[in-house]
Amino acid sequence: MKALAYDALMAPLGWVGLNAARRQLVEGLSGKVLEVGAGTGLALPGYPDSVTSVTAVDVDLGALVRARARRSGVALLQADAQALPFTDGSFDAVVSSLVFCCVDAPGTALSEVMRVLKPGGELRLLEHVRAPNLAVATAQDLLTPAWRKLTGGCRLNRDTFRLVETTGFHILRREQRLGGVGEFIFARRP
């Protein structure tokens, strides 16, 4: 999805709570933070002053150009979550918002996140996910093929929580919202 279209689509969602959820996602972080799938940088203004540096990566160069205006001092880099160009243990925290639904190999990407986190480092995700309600989940399954084509790869029915667990992260907190189709996942690297 093109950067300008993405921002237009996200604006009303931001007004009804997504902007507040993004601020909550980064609240209380400190040290060196990596934002994976930063897109147009909608989460960047919310980082607290206790964060000493923010590095933001995305596969879409056009999105990163728009992100540059959202917060000064952020290192922006075109990179794929499935092959992060950082040394092991580079970051105190990794943040991602509405990204793992689009990653082709989310297990690989989460392993990369684990690798670049320092031991004890925190992973914070805000994702839309497969609903716990069978009727809603079935609708997600049916809609996902068309939705994926329309949005450039987004899967409505991904079980990101299970992927985080399977990768070996220690779950700190899981908070489901919107009937379980949205969730915060806070986890720690062992």
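Scroll up for the structure.
Residues numbered from 1 in each chain as written. Predicted model: local features only at pLDDT ≥ 70, side-chain atom pairs only at ≥ 80, totals over all residues. Heavy atoms only, no water.

1. Regarding the sheet that holds strand E6 (residues 170-177)
Here is the rule we go by: Whether two strands pair depends on DSSP finding at least two bridges between them. A run of H or I in DSSP counts as a helix once it spans at least four residues, and a run of E counts as a strand once it spans at least two, with each numbered from the N terminus. Axes here mean lines fitted to C-alpha atoms, for a helix over just the part in contact, with angles spanning 0 to 180 degrees between N-to-C directions.
Pairing within the open sheet is mixed, and its seven strands lie in the order E3-E2-E1-E4-E5-E7-E6. Each edge of the sheet is formed by a strand with only one pairing partner; in this case those strands are strand E3 (75-78) and E6. Each adjacent strand pair in this sheet contributes to an overall mean axis angle of 15°, direction not counted.

2. Re the packing of helix H3 (residues 106-116) against helix H5 (residues 160-167)
The condition is simple: Roughly parallel means an angle under 35 degrees; roughly antiparallel, over 145; roughly perpendicular, 65 to 115; everything else is oblique. By definition, any crossing whose near helix is turned counterclockwise from its far helix by less than a right angle is left-handed, and any crossing with a clockwise turn is right-handed. In this description, contact between two residues means that some pair of their heavy atoms is separated by no more than 4.5 Å. Charged means Asp, Glu, Lys or Arg here, nonpolar means Ala, Val, Leu, Ile, Met, Phe, Trp, Tyr, Cys or Pro, and polar covers whatever is left, Gly included.
For the pair H3 and H5, the least separation of the axes is 10 Å and the interaxial angle reads 50°. In this view, H3 runs oblique relative to H5, as classed from their interaxial angle. Regarding H3 and H5, the two cross each other, and that crossing is right-handed. For the pair H3 and H5, the contacting residues are Pro106, Gly107, Leu110, Ser111 and Met114 in the first and Leu163, Val164 and Thr167 in the second. Split by residue class, the contact of H3 with H5 holds five nonpolar, three polar and no charged.

3. Observations concerning the pattern of salt bridges
Where we set the bar: Here, a salt bridge means any Lys or Arg side-chain nitrogen found within 4 Å of an Asp or Glu carboxyl oxygen. For every residue, the accessible area (1.4 Å probe, protein chains only) is compared with the maximum for its type, and the residue is labelled buried under 20%, exposed over 50%, or partly exposed between those bounds.
In the structure shown here, the tally under the stated rule is 10 salt bridges. The salt bridge partner of Glu183 is Arg174, with a shortest N-O separation of 2.8 Å. Judged by relative accessible area, Arg174 falls into the partly exposed class, the value being 33%. Because the salt bridges share partners, they merge into one network encompassing Asp88, Glu112 and Arg115.

4. Regarding the nonpolar core
Quick note on the threshold: Nonpolar cores were defined as sets of buried Ala, Val, Leu, Ile, Met, Phe, Trp, Tyr and Cys residues, with membership established by side-chain atoms within 4.5 Å.
One finds Leu34, Val94, Phe100, Val113, Leu123, Val164 and Phe169 to be the most contacted residues of the largest nonpolar core, which totals 25 residues. Within the residue set of this core, elements represented by two or more residues are strand E1 (31-36), strand E4 (91-97), H3, strand E5 (117-128), H5 and strand E7 (182-188). Those residues in contact with Phe100 that sit more than four places away from it in its chain are Pro106, Ala109, Leu110, Val113, Leu125, Glu127, Arg158 and Thr160. Counting residues in hydrophobic clusters, the runner-up holds 20 residues, among them Ala38, Ala93, Val95 and Phe184.

5. Some words on the environment of Ser90
How we decide: Think of a polar contact as two N or O atoms within 3.5 Å of one another; within protein, one of them needs to be a possible hydrogen donor and the other a possible acceptor, and neighboring residues in sequence only count if both atoms come from side chains.
Considering the arrangement of structural elements, one finds Ser90 in the loop between E3 and E4. Sequence separation between Ser90 and Leu34 is 56 residues, and the spatial gap between their C-alpha atoms is 8.9 Å. Aside from chain neighbours lying at most four places away, what touches Ser90 is Lys32, Val116 and Lys118. At 2.5 Å, the side chain of Ser90 forms a polar contact with the backbone oxygen of Thr87.

6. Structural notes on unusual backbone geometry
For Leu98, which is not a glycine, the phi torsion comes out positive at approximately 55°. Looking at the secondary structure, you find Leu98 in the loop between E4 and H3. One non-glycine residue, Leu178, lies in positive phi territory at about 55°. Mapped onto the elements of the fold, Leu178 is located in the loop between E6 and E7. Take Leu178: its relative accessible area is 70%, and that puts it in the exposed class.

7. Some remarks on H5
Residues spaced three or four apart along an α-helix point in a common direction, a consequence of the helix completing one turn every 3.6 residues. Defined as follows: The arc in question is formed by the directions pointing from the helix axis toward the C-beta atoms.
Every buried residue of H5 is listed here: Thr160, Phe161 and Val164. The arc that holds every buried residue of H5, seen down its axis, measures 105°, which confines them to one face. Check the buried side of H5 and you find it contacts H3, E5, E6 and E7. Count one or two residues on from H5 and you reach Gly168, which has phi positive near 110°.

8. Describing the state of the cysteines
Rule in force here: Cysteine sulfur atoms that pair up within 2.5 Å are treated as a disulfide.
Counted under the stated rule, the structure contains zero disulfides. Residue Cys154 stays outside any disulfide, its sulfur separated by 3.7 Å from that of Cys101, the closest cysteine. Residue classification places Cys154 among the buried residues on the basis of a relative accessible area of 8%.

Function cannot be read off these values alone, since they describe shape.
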